[in-house]
Amino acid sequence: MNKLSNFRRLLSSVFIVPLVIGLLFSVFAFQSKAQDIDLLLKGGHVIDAKNNIDRKMDVAISAGKIFRVAADIPAGTAKKVVDVSGLIVAPGLINMHTHVYAGSNSGFTDGTSSQLPDAFAPRAGITTVVDAGTSGWRTFPDFKAKVIDNSTTRVLAFLSIAASGYSNDKAQENIAEMDVQKTAETINKYADNLVGVRIGRYDGTEWTPFDRASEAAKLVNKPLFVECHLPMYSLEDQLNKMRSGDIMTHAFENVSERMTVVDEQGKVRPFVLAAQKRGVLFDIGHGGGGFWFNQAVPSFKQGLWPNSFGTDEHRTSMNSGMKTMLNVMSKYLNMGMGIPDIIARGSWNAAKSIKRDDLGNLSVGSVADIAVLSVNTGKFGFVDSGNNKINGDRKFEAELTVRAGKIIWDLNGLSAKSMVANK
Amino acid sequence: MMRIKTTGISEFFQQQFIRLAQGIAAVLVLVLITATVQAQEIDILLKGGHVIDPKNNINSKMDVAIVGDKIFRIAADIPANTSKKTIDISGLYLTPGIIDMHAHVFHGADVNSISANSPGGLQADAFSFRAGVTTVVDAGSAGWRNFPLFKTQVIDRSQTRVLAFLNVVGRGMVTRYDQQDVTDMNPEMNAYMIKKLHPTILVGIKSAHYWGDFTSVDKAVESGKLANVPVIVDFGEHSPPNSIESLFMEHFRPGDIFTHTFSEHAISKTTGGRESIVDVKTRKVKPFVFAAQKRGIIFDVGHGAGAFNFNQAIPALKQGFMPNTISTDLYNLSMNAAMKDMTNVMSKFLAMGMGLQDVILRTTWNPAQVIKRPDLGHLTVGSEADIAVFNLKKGNFGYMDVGRTKISGTEKLEAELTLRAGRVVWDLNGISAPQWEMPAPNN
């Protein structure tokens, strides 16, 4: 080797290699900065209960996932920027109690009493709905093929202990069909979709159906979801049989099928508070008949707060006092619950209760399911299942809903380009 | 019967007095009965609203009284004490229940179907009442073969009044391929289904998604002539696109309906498309379009997921071309996109400069006339009490078209209260509900 080549080698090592590396690095850095962020939600007030965030933050989304949450992410680093200042940026809401096995039959199971998830969820900031046992081990595959696999909304489900789900006929009360093994097997097989076991309608006195549902839930280590249509079981017995983490829905109902949580003196019954202390969770399950101010208001004042805002979405609840999950959340806003508490119950608390810690939060790397909400001010009224009204001055509205990074609802065209005049 | 009998004078006066007393008593009883009847006759009184009823030329503050399922009285000041229930709607607009003339509501479980017995068709009740709509007209989701299923599965189970255009194709709107099957376009069967079997539900014939010449339209018109009903045409997929001038002036009869009026498609060489009514270069409404509307051709909005562009609608409105009817084309792909619901589409026209009365006319009395249902879309005394009560919100709102282009507006309609056949079926803020108070402890 001669001196020249050595000199060249020196030159190359001193200048060219760092230059190339530097160039490569800067190109790479530029690329990662400018192109990694697909969508930047800028200037909103982020409420993320899991990560203890309750302040103005920007949220960056990349490849369907939360990429970064920080106080000031430059707009130039994103392919698309949406100004969400003045709005709440929350994890996509989770509706814990719905009936979405929509189909052609009468009734709920594969029926016209159920609702299509995409028809009500995106417009209410909801990105995940949990079906409350409209299917059972026999009907779940059909439910999955017809509804779950065809919905933009994420559809999870409690599996009914009744084989066919929530049908209108008496067959659902056939104990021989309430199969613990088949229920557990189905849940394990469809672990991505099924989050627990639901005990729904049973008119008899024996506890076998309840016990089997509870046993199946225990087998798969998931919660038991208890509905109210169990007229022969006392509320106290039901709560006593429930484990920590099991969920009592229709918490604030006032109908003949179940004892109320508030007694005649306006006090929450001590055994209800004891169950809550033990870890039993209470879901609203508003529905057409399941939410009464004479239960909910005293309960709220005495510390029995709902853990989740399930709407019990179905054909007859949708146009009643329930209307939308945001309407139900707004009831609590005007009853005195703070916005962070409401958002937590609409997202992170709900996710935890179904053991889906991957949902209901805005942690970096989580799926980018996001609700951008406005709090409108004005004169509003809210009606309960007894057609009684309370007044309010604030109401939630869904401005923008993002599911896995994709905008699936945009009320006022926040993400749209403006019309060019004179075109 | 005459009674001639001689009587004494005092007896005569006595009799006269008794008669007088009887008469007075009778009148008193009558007055009492009338008063009682008046006080109880009105079931619901909607008080203090601004009534817009284009058919009856009403555009002023009026009270509306309902008895049973019918409009009982409309007057400037109906006393509240004459009604069992009074709802204060001051500051709100009261209109006839809105008619959505283009929707797809043949909801069902066939995931391989576009909108016949399919999740692509939506449940009418989930979108109607919360948008002030009391009547939806399904635009050809079912044909004569599956209309009976549509009726039992959907129409008979809906609270919303569901009317329908029958698809010219017997199998209805199952796949794009089915829509091409001219052997399944049977005018006799179509007319039989409409005229003989379901004249109160079926209001016309739909032709859509056809790839060829005018055959589908002509078969629809032939069916329409036999049944004496209009046809509604989605002219979207002809390759190459057919002349809309020929459609309006040669193939259509007056009263036939062109839907997706403001769509602007890039015409594809392979899949064709729809010729637009506004020239894409000059941005002028094509002259024959005005002539066609004058001839009686009906122009329907049919917003949908792909059929409403500001580049068409704004120049058209500016040049004096107004659609006859405003409708949603509600289906699974349009519901969460720019369309959203009927109030959003109506508000979009407000934002483009159309007056509120014009918007209400095009969503009530106009569609009622187009579908030959003069019993609907107005508040005439004696007609069914289908009523919408709107709040006209003020603020900054955005409205998109299908290309995700946005215009801003300062007003937005919101459905406060909807009544279907005299019954409250939607009450956004509980204006018809009593105030809740914490019950006293029961010791």
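Analysis parameters
- Residues numbered from 1 in each chain as written.
- Chains lettered and ligands numbered in written order.
- Predicted model: local features only at pLDDT ≥ 70, side-chain atom pairs only at ≥ 80, totals over all residues.
- Heavy atoms only, no water.
- Helix = DSSP H or I, 4+ residues; strand = E, 2+ residues; numbered from the N terminus.
- Buried < 20%, exposed > 50% of the residue type's maximum accessible area, 1.4 Å probe, protein only.
- Contact = heavy atoms within 4.5 Å.
- Areas by Shrake-Rupley, 256 points an atom, 1.4 Å probe, with all protein chains shown as cover.
- Lys, Arg positive; Asp, Glu negative; His and termini not counted.
- Charge placed at Lys NZ, Arg CZ, Asp CG, Glu CD.
- Buried area = accessible area lost by both parts, 1.4 Å probe.
- Polar contact = N/O pair within 3.5 Å; in protein donor to acceptor, adjacent residues only side chain to side chain.
- Nonpolar A, V, L, I, M, F, W, Y, C, P; charged D, E, K, R; others polar.
- Pairing = 2+ DSSP bridges.
- Salt bridge = Lys/Arg side-chain N within 4 Å of Asp/Glu carboxyl O.
- Core = buried A, V, L, I, M, F, W, Y, C linked by side-chain atoms within 4.5 Å.
- pLDDT = per-residue confidence, 0-100.
- Axes fitted to C-alpha atoms, helices over the stretch in contact; angles between N-to-C directions.
- Expected span 1.5 Å × (residues − 1).
- Arc of directions from axis to C-beta.

Bringing the overall build of chain B into the picture now. Across its full length, chain B holds eleven helices and 15 strands. Looking at chain B residue by residue over its 443 residues, the buried ones come to 58%. Of the contacts made within chain B by residues no fewer than 6 positions apart, 73% connect residues no fewer than 24 positions apart. Surface exposure of chain B reaches about 17,900 Å², of which carbon and sulfur atoms provide 57%.

When you go through chain A residue by residue, the secondary structure sums to eleven helices and 17 strands. Once the C-alpha set of chain A is aligned to its principal axes, its extents read approximately 100 × 55 × 45 Å. Counting only residues that meet the buried cut, chain A has 61% of its 423 residues in that class. Sequence separation of at least 24 residues holds for 72% of the intrachain contacts in chain A that already meet a minimum separation of 6. Surface exposure of chain A reaches about 16,300 Å², of which carbon and sulfur atoms provide 54%. Within chain A, one finds 48 positive and 42 negative side-chain charges whose respective centroids are separated by 9 Å.

A word on the interface of chain A and chain B. With 54 residues of chain A at the interface, the matching set in chain B holds 52 residues. Counting the surface lost from both chain A and chain B, the interface buries some 4,400 Å², and carbon and sulfur atoms represent 48% of this. The largest share of the area that chain A buries against chain B comes from Asn319, Lys389 and Met419 of chain A, three residues that together contribute 16% of it. Linking chain A to chain B there are 32 residue pairs in polar contact (both at pLDDT 80 or more). Elements represented by at least two residues in the side of chain A that touches chain B include exactly strand 7 (102-105), helix 2 (117-120), helix 8 (293-301), strand 14 (370-383), strand 15 (389-403), strand 16 (406-410) and strand 17 (417-418) of chain A. Tallied by class, the residues present in the side of chain A that touches chain B amount to 19 nonpolar, 20 polar and 15 charged. Inspection of the sheet shows strand 17 of chain A paired to strand 14 (residues 405-420) of chain B by two bridges, in the parallel sense.

Before going further, it helps to spend a moment on the pattern of salt bridges. Across all of its chains, the model carries 41 salt bridges over all chains by this definition. A salt bridge links Asp358 of chain A to Arg356 of chain A, with the nearest nitrogen and oxygen atoms 3.0 Å apart. Using a relative accessible area of 16% as the deciding quantity, one classes Arg356 of chain A as buried. The shortest N-O distance in the salt bridge between Arg161 of chain B and Asp386 of chain B comes to 2.7 Å. Of this pair, Arg161 of chain B sits in strand 8 (residues 161-167) while Asp386 of chain B sits in the loop between helix 11 (365-370) and strand 13 (387-400), placing them 225 residues apart in sequence. Its relative accessible area of 13% is what places Arg161 of chain B among the buried residues. Put simply, Arg145, Arg171, Asp178, Asp181 and Asp184 of chain B are held in one network by salt bridges that share partners.

This paragraph deals with the nonpolar core. Counting 93 residues, the largest nonpolar core has Phe147, Phe150, Phe248 and Phe349 of chain B as the members making the most contacts within it. Among residues more than four places away in sequence, those in contact with Phe248 of chain B are Phe258, Phe288, Val289, Ala292, Arg295, Ile297 and Phe299 of chain B. Grouped together as the second largest cluster of nonpolar side chains are 85 residues, Ala90, Ile175, Leu235 and Trp409 of chain A included.

Residue and element names in this part refer to chain A. Bridging between strand 15 and strand 16 involves four bridges; their strand directions are antiparallel. Its bridge partner being in strand 16, Val402 is matched across the sheet by Ile407. Between the end of strand 15 and the start of strand 16, which pair antiparallel, lie two residues, with Ala404 showing a positive phi angle near 50 degrees.

Per-residue confidence for chain A gives a mean pLDDT of 92; residues scoring 70 or more make up 91%. Under a pLDDT of 50 for its full length, residues 27-32 of chain A has, in the predicted model, two contacts with residues more than four places off or in other chains.

Before going further, it helps to examine the sheet that holds strand 6 (residues 93-98) of chain A. Residue and element names in this part refer to chain A. Spatially, 6-8-9-10-11-12-13 is the arrangement adopted by the seven strands of the open sheet, whose pairing is parallel. The sheet is open, and its two borders are formed by strand 6 and strand 13 (281-282), each paired with just one other strand. Alignment of strand 9 (residues 154-160) against strand 10 (residues 194-199), held across four bridges, turns out to be parallel. In the strand pairing of strand 10, Phe158 is matched with Gly196. In the packing of helix 4 (residues 180-189) onto the sheet, the strands contacted are strand 9 and strand 10, and the crossing angle to strand 10 comes to about 155 degrees. Each of strand 10 and strand 11 (224-226) touches helix 5 (residues 208-220); the most contacted strand, strand 10, lies at about 165 degrees to it.

Let us now look at helix 5 of chain A. Two residues of an α-helix separated by three or four positions point the same way, owing to the 3.6 residues in each turn. Residues and elements named next belong to chain A. Taking 1.5 Å as the rise per residue, helix 5 with 13 residues should run 18 Å; its terminal C-alpha atoms sit 18 Å apart, in good agreement. Regarding helix 5, the residues found buried are Pro209, Phe210, Ala213, Ser214, Ala216, Ala217 and Val220. For helix 5, the arc enclosing every buried residue in end-on projection is 160 degrees, short of the 170-degree limit, so these residues lie on one face. At its buried positions, helix 5 is contacted by helix 4, strand 10, strand 11 and helix 6 (235-241). Two residues or fewer past helix 5, Asn221 is found with a positive phi of approximately 60 degrees.

Looking now at unusual backbone geometry. Although it is not a glycine, Lys355 of chain A adopts a positive phi angle of roughly 55 degrees. Structurally, Lys355 of chain A is set in the loop between helix 11 (348-353) and strand 14. Positive phi outside glycine occurs at Asn117 of chain B, with the angle close to 55 degrees. Mapped onto the elements of the fold, Asn117 of chain B is located in the loop between strand 6 (98-103) and helix 2 (124-127). Exposure remark for Asn117 of chain B: the relative accessible area of 18% places this residue in the buried category.

Residues and elements named next belong to chain B. Its place among the elements puts His209 in the loop between strand 9 (202-208) and helix 5 (215-227). Along the sequence, His209 and Phe235 sit 26 residues apart, while their C-alpha atoms lie 6.7 Å from each other. Those residues within four positions of His209 in sequence are excluded, and the remaining contacts are Met173, Arg176, Gln179, Gln180, Asp234 and Glu237. Within polar-contact distance, the side chain of His209 engages the side chain of Asp234 at 3.4 Å.

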